[in-house]
Amino acid sequence: MRTSIPVAALALLLCVAVAPAAEKPDSKPAKPKLALRVGKIITSAGKPIVNGTILISEGKIEALGPRAEIKIPAGYTLIDQGDKFAMPGLVEVHSHVGGSGDINEMVYQTNPELRVLDVIRPNNDQLKVALAGGVTTICFIPGSGTNMGGWGALMKTGPGTLDEVVIRSPGVLKIAQAGNPERQGGEVGSGRMGMNHVIREQLRVGQGYVRDWDDWEAGRRKTKPQVNLRLEYFKPLFHREIPILVHTQGYQVIQSTLRILHDEFNLKVIIGHACFDSYRLAEETKRRGIPVMSGPRIFRYDTETGQIKGIVAEYAKRGVTFMGVNTDAPVVPEEELFFQATMAVRFGWSEEAALRGLTIEPAKALMVDKRVGSLEVGKDADVLITTGPIIDPRCYVTMVLIDGKVVYDTKKDRRRF
């Protein structure tokens with residue numbers, strides 16, 4: 001049934017509809033245009049630039065290079081950092097500090113209906129300190145109380161609204177293949193064989209759901225499938241648009257990860273712990289092109305040799321380069337992500353690989369390297385200013401920019417870390 005609208009009300013609607021955009025209360029101010037001058041730029045995309053300049057406009061990197069080659073246009077605010085270093089913001093692949101706490105549903109062993117998006121708390125106290133440690137992007141994930149804990153989100157650590165800080169949600173699917181989900185009650189999934197079974201069966205259900213929708217949309221199926229909100233996020237997963245982040249540690253468990261998640265289901269996979277003797281599978285991991293993000297344990301006592309070995313260095317010796325470190329924060333505090341790399345270098349990893357393992361390699365693993373992870377033209381202006389190499393514990397972060405905006409400055413704020 002049609003209803004009539006009073007003339008006065010209609011006039012009011014028309015006035016609102018044609019109101020100038022500049023008068024809208026939610027219009028956002030223009031982002032500042034900045035020029036950063038530093039002693040050295042670590043790009044994570046090529047060789048360092050000595051005595052460099054970075055131009056930032058609309059939250060993106062507009063240009064960068066030696067000072068003699070980069071002319072600062074009119075209207076840009078100069079931030080002269082003298083002989084300090086500039087580098088990309090650090091990227092954390094395995095964090096639990098992005099919101100009000102872990103989510104764990106302990107009744108069922110697989111919980112694809114859960115997501116962290118609903119508990120994100122931008123700029124919370126832990127993220128404020130993480131920012132001071134140089135971490136600008138995190139993969140915030142559910143806990144590992146069950147084999148499939150739900151869907152994580154990729155987010156910036158700085159202040160802003162939910163829409164402003166979230167890079168992608170769902171960002172990853174969290175799977176835990178052993179350790180924390182193991183139970184003592186004897187139910188299906190209490191041991192490793194049972195856990196592999198429930199993971200495989202849930203993925204088969206999700207795969208079938210996605211196949212039904214793909215067939216209908218391609219005209220290969222006559223009847224439209226019913227929407228099942230519990231399974232909707234399997235679509236980007238099986239379309240290989242997002243990865244699985246796997247809580248998987250030692251040799252035997254990672255064998256299951258490689259066989260089930262990669263070989264059987266052909267999914268994008270990130271090995272998210274890679275502890276203990278997992279490096280003995282380095283060649284198989286490399287052959288499949290799977291990234292290794294080791295942590296929070298990054299060294300082990302080898303009972304066969306009586307030596308303490310660096311896990312990351314052992315992977316590197318076997319040819320793995322698609323590699324980084326993680327904190328599993330708050331297991332290791334988020335702001336100490338850089339120190340995970342420092343210790344990996346202490347036990348044999350190269351400094352160049354460590355810098356990439358804090359920035360571009362985790363960004364590639366999370367499939368967001370077009371936006372973050374390196375200082376390149378067109379990418380988000382997530383920039384750290386440091387007193388020297390980030391992996392040197394004597395050095396520290398003095399300024400952080402996220403999306404071209406200064407969000408931490410030790411000259412104005414107290415030093416948080």
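Look up: the structure comes first, before these words.
Throughout this description, residue numbers start from 1 for each chain and increase along the sequence as written. With the structure being a predicted model, the display of local features is reserved for residues of pLDDT at least 70 and the display and counting of side-chain atom pairs for 80 or more, all residues being used for whole-chain, interface and lining totals. Heavy atoms throughout the structure, all of them, feed into the side-chain values; hydrogens and water do not.

Visitor: In this structure, what is going on with the overall build of the protein? I would like to understand it.
Guide: Counting its secondary structure elements, the protein contains eleven helices and 18 strands. Considering only C-alpha atoms, the protein reaches an extent of 75 × 65 × 40 Å along its principal axes. Between two residues, a contact is recorded if the distance between any of their heavy atoms is within 4.5 Å. Of the contacts made within the protein by residues no fewer than 6 positions apart, 65% connect residues no fewer than 24 positions apart. Areas reported here follow the Shrake-Rupley algorithm with a probe of radius 1.4 Å; residue values treat only the protein chains shown as occluding. With an accessible surface of roughly 19500 Å², the protein has 52% of that area assigned to carbon and sulfur atoms. Counting 54 positive and 47 negative side-chain charges, the protein places the averaged centre of each group 2 Å from the other. Numbered from the N terminus, helices here are DSSP runs of H or I no shorter than four residues, and strands are runs of E no shorter than two. Working convention for charge: Lys and Arg count positive, Asp and Glu count negative, and His plus the chain ends are omitted. Note that the charge is assigned to NZ on lysines, CZ on arginines, CG on aspartates and CD on glutamates.

Visitor: Just checking my understanding: could you explain the packing of helix H4 (residues 192-217) against helix H6 (residues 251-264) for this structure?
Guide: The angle between the axes and the distance between the axes are what describe a pair of packed helices. To obtain an axis, a line is fitted to C-alpha atoms, over the contacting stretch when the element is a helix, and the angle between two such axes runs from 0 to 180 degrees between their N-to-C directions. At their nearest, the axes of H4 and H6 sit 12 Å apart, and the two run at 15 degrees to each other. Here H4 is positioned roughly parallel relative to H6, judged by the angle of their axes. In this structure, H4 meets H6 at a crossing whose hand is right-handed. Contact residues: H4 offers Arg192, Asn196, Ile199, Arg200 and Leu203, while H6 offers Gln252, Val253, Ser256, Arg259, Ile260, Leu261 and Glu264. Throughout, the term roughly parallel applies to angles under 35 degrees, roughly antiparallel to angles over 145, roughly perpendicular to angles from 65 to 115, and oblique to all others. Note on convention: the crossing is left-handed when the near helix lies turned anticlockwise from the far helix by less than a right angle, right-handed when the turn is clockwise.

Visitor: How should unusual backbone geometry be read in this particular structure?
Guide: Glycine aside, the phi torsion of most residues is negative, and most peptide linkages are trans. The residue after Ser169, namely Pro170, is reached through a cis peptide bond having omega 0 degrees. If you trace the backbone, Pro170 turns up in strand S9 (residues 166-176). In this structure, Pro330 follows Ala329 across a cis peptide bond, with omega equal to 15 degrees. Note that Pro330 resides in the loop between strand S15 (323-325) and helix H9 (337-346). At Asn266, a residue that is not glycine, the phi angle is positive and equals roughly 55 degrees. The phi torsion at Met367 lies on the positive side, around 65 degrees, for a residue other than glycine. Relative to the elements of secondary structure, Met367 occurs in the loop between helix H11 (360-365) and strand S16 (383-386).

Visitor: Please clarify how the environment of Ile138 should be interpreted in this entry.
Guide: Its location among the elements puts Ile138 in strand S7 (residues 135-140). Note: C-alpha distance between Ile138 and Glu352 (214 residues apart in sequence) is 22 Å. Among all residues touching Ile138, those that are not within four sequence positions of it are Glu92, Ser95, Gly98, Leu127, Ala153, Leu154, Met155, Thr157 and Glu334.

Visitor: I would appreciate a short explanation of the packing of H9 against helix H10 (residues 351-358) in the present structure.
Guide: Remark: H9 packs on H10, axes separated minimally by 10 Å, with the N-to-C direction vectors making an angle of 155 degrees. When the axis of H9 is compared with that of H10, the two are roughly antiparallel. Handedness of the H9/H10 crossing: right-handed. Across the interface between the two elements, Leu337, Phe338, Ala341 and Val345 from H9 touch Glu351, Ala354 and Leu358 from H10.

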